[in-house]
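Descriptive analysis of the structure
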Amino acid sequence: MGPERARLTGDIEYRDPARPAERIWFDVPLECADGLSESGDPWLACLLPLAVTLREPLELCRPVDPGLRDGAEAIMQVWQGWYPGVYEPIAIDADLLAPGIPDPQARTAAMFSAGLDSFHTLLRHEPGGDALHRVQIDDLLTIWGFDVPIAARDVFDRLRARVTRIADHFGKHVVTVATNLRESGWNVTNWGKLSQAPALAAVALSLERRYRRVLIPSSVTYRSRNPWGTHPLVDPLLSTTRTDIRNDGALASRFMKIGTVARSDLAMQHLRVCWIGRSDTNCGRCEKCLRTLTGFELLG
């Protein structure tokens, strides 16, 4: 993406001869290059739903964390319980690293898209927030290639400028990670049902030497019985012994999150909930925009 970026790449080969080999990459700011992973952890996270979808064994050439290896087995059991006969466990072949020790000097990041869930996580950990155990969020981790396509540089530049203004207000640092994951063959996976959390965790673990804790803003509540791609039951299983992946804010309903955001003028100025067109603006007409607007209206 330019001389100011560093790239982590993985070459993917398939057993199915009809699927050509390809390369998946994660680009990070050059200042974060020393935090890039040297293990197979980000690849285990992101390739697990692909291997399960294709029903192919997953073989990794780099060793993985034993905690993540156990977590991957547990995640496949959850998927099997949610979708019996559809997503069945596959074999994982990878050497194991020695268990790690969390670095107390490493940073804490929160995934941040300027959406309702991510604003709720940011605000609840600020002074006066409702988190029972507030953590100091150092970085807002914003991804280019998930909601906003890699080809839409102007759209992401506007989003990054918006996130930078938010981060400056709260005294946080912005880290942008670009990836072609969703534009590769990986995209045969079901984002909503299966692969959202593994994709987010892969981004976090691509910088696993930088982070001891990464918060994934919750999309569903503890009360929800509906399977979803990111879920309080699944997300923590993507942790390693050094990097804790947390599902954050699952006690709050969507209406409760709207109430939290409504109390922040900055959040109200920059809230971005729309996925139509994969842009940086809100269309005001889709189901997600309308139910969010309805919540604000009900709150007056």
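Look up a bit, the structure's there.
Here is a short report on the structure shown in this document. Nothing here was measured: the structure is a model prediction, and the numbers come from that model. (Residues numbered from 1 in each chain as written. Predicted model: local features only at pLDDT ≥ 70, side-chain atom pairs only at ≥ 80, totals over all residues. Heavy atoms only, no water.)

1. A closer look at the state of the cysteines
Following the criterion strictly, the structure yields 0 disulfides and no others. In this structure Cys274 is a free cysteine whose sulfur lies 3.6 Å from that of Cys283, the closest cysteine sulfur available. Judged by its relative accessible area of 6%, Cys274 is buried. Judged by its relative accessible area of 22%, Cys283 is partly exposed. (Disulfide = S-S within 2.5 Å. Buried < 20%, exposed > 50% of the residue type's maximum accessible area, 1.4 Å probe, protein only.)

2. Structural notes on the side chain of Ser184
Within the fold, Ser184 resides in the loop between β7 (173-179) and α5 (191-206). Here Leu181 takes part through its backbone oxygen, which lies 2.7 Å from a polar atom of the side chain of Ser184. Those residues within four positions of Ser184 in sequence are excluded, and the remaining contacts are Glu22 and Ile24. (Helix = DSSP H or I, 4+ residues; strand = E, 2+ residues; numbered from the N terminus. Polar contact = N/O pair within 3.5 Å; in protein donor to acceptor, adjacent residues only side chain to side chain. Contact = heavy atoms within 4.5 Å.)

3. Things to note about helix α4 (residues 153-170)
Compared with an ideal rise of 1.5 Å per residue, which puts 18 residues at 26 Å, α4 spans 25 Å between its outermost C-alpha atoms and is within 8% of the ideal. On its buried face, α4 sits against α3 (116-124), β6 (139-144), β7 and α7 (265-270). Gly171 sits one or two positions beyond α4 and adopts a positive phi of about 70°. (Expected span 1.5 Å × (residues − 1).)

4. Brief notes about the layout of surface pockets
Take a probe with the size of a water molecule and roll it over the atoms, and the empty space left behind shows itself. Of the voids in this model, the largest pocket is the one considered here, and its volume is about 1100 Å³. Lining the largest pocket we find 38 residues, and of these Asp147, Trp191, Gln196, Ser219 and Lys288 sit closest to its centre. Elements with a contribution of two residues or more to the lining of the largest pocket: α3, β6, α5, β8 (211-217), α6 (254-262) and α8 (287-298). Among the elements that take part in the lining of the largest pocket, α5 stands out by supplying 4 residues, more than any other. Among the residues making up the lining of the largest pocket, the classes are represented as 17 nonpolar, 11 polar and 10 charged. Size it by volume and the second largest pocket reaches roughly 580 Å³. Every residue lining the second largest pocket is counted, 25 residues in all, and those nearest its centre are Asp11, Ile12, Glu13, Leu47 and Glu59. Among the secondary structure elements, those contributing two or more residues to the lining of the second largest pocket are β1 (5-12), α1 (41-54) and β3 (58-59). Top element by residues in the lining of the second largest pocket is α1. It accounts for 6 residues. For the lining of the second largest pocket, the residue count by class is 13 nonpolar, 5 polar and 7 charged. (1 Å grid on protein atoms, 1.4 Å probe; cavity = no way out; pocket = protein on both sides within 12 Å on 5 of 7 lines; lining within 4 Å. Points joined across faces, edges and corners; volume = space filled by probe spheres on them. Nonpolar A, V, L, I, M, F, W, Y, C, P; charged D, E, K, R; others polar.)

5. Examining the sheet that holds strand β9 (residues 244-248)
Whenever strands of a sheet pair, they do so through backbone hydrogen bonds, lying parallel or antiparallel. Read across the sheet, 7 strands follow the order β1-β2-β7-β6-β5-β8-β9 without closing on themselves; strand pairing throughout is mixed. Sheet topology places β1 and β9 at the edges, where each strand pairs with a single neighbour. Across the sheet, the axes of successive neighbouring strands diverge by a mean angle of 25°, strand direction being ignored. Examined bridge by bridge, strand β5 (residues 107-111) and β8 share 4 bridges and lie parallel to one another. Bridging across to β8, Ala110 finds its partner in Leu215. Where α1 meets the sheet, it contacts β1 and β2 (22-29), and its direction lies at approximately 55° from that of β1. Running at roughly 120° to β6, α5 makes contact with β1, β2, β5, β6, β7, β8 and β9 of the sheet. (Pairing = 2+ DSSP bridges. Axes fitted to C-alpha atoms, helices over the stretch in contact; angles between N-to-C directions.)

6. Section: unusual backbone geometry
A positive phi angle, close to 60°, is found at Arg55, a residue other than glycine. Here Arg55 shows up in the loop between α1 and β3.

7. Notes on the packing of α1 against α5
Between α1 and α5, the shortest axis-to-axis distance is 6 Å and the interhelical angle comes to 160°. Viewed along their axes, α1 and α5 adopt a mutual orientation that is roughly antiparallel. Crossing of α1 against α5: the hand is left-handed. Mapping the contact onto sequence places Asp41, Pro42, Ala45, Cys46, Pro49 and Thr53 in α1 and Leu194, Ser195, Pro198, Ala201, Ala202, Leu205 and Ser206 in α5. In the contact of α1 with α5, the residues fall into 9 nonpolar, 3 polar and 1 charged. (Parallel < 35°, antiparallel > 145°, perpendicular 65-115°, else oblique. Left-handed = near helix turned anticlockwise from the far one by under 90°.)

8. Describing empty space enclosed by the protein
Going through the model one piece at a time under the given rule, you end up with 1 cavity of 30 Å³ or more. Here the largest cavity defines a volume of roughly 40 Å³. Surrounding the largest cavity, Pro102, Asp103, Ala106, Glu208, Arg209, Arg210, Tyr211, Arg212, Arg242 and Thr243 form its lining. Broken down by class, the residue content of the lining of the largest cavity amounts to 3 nonpolar, 1 polar and 6 charged.

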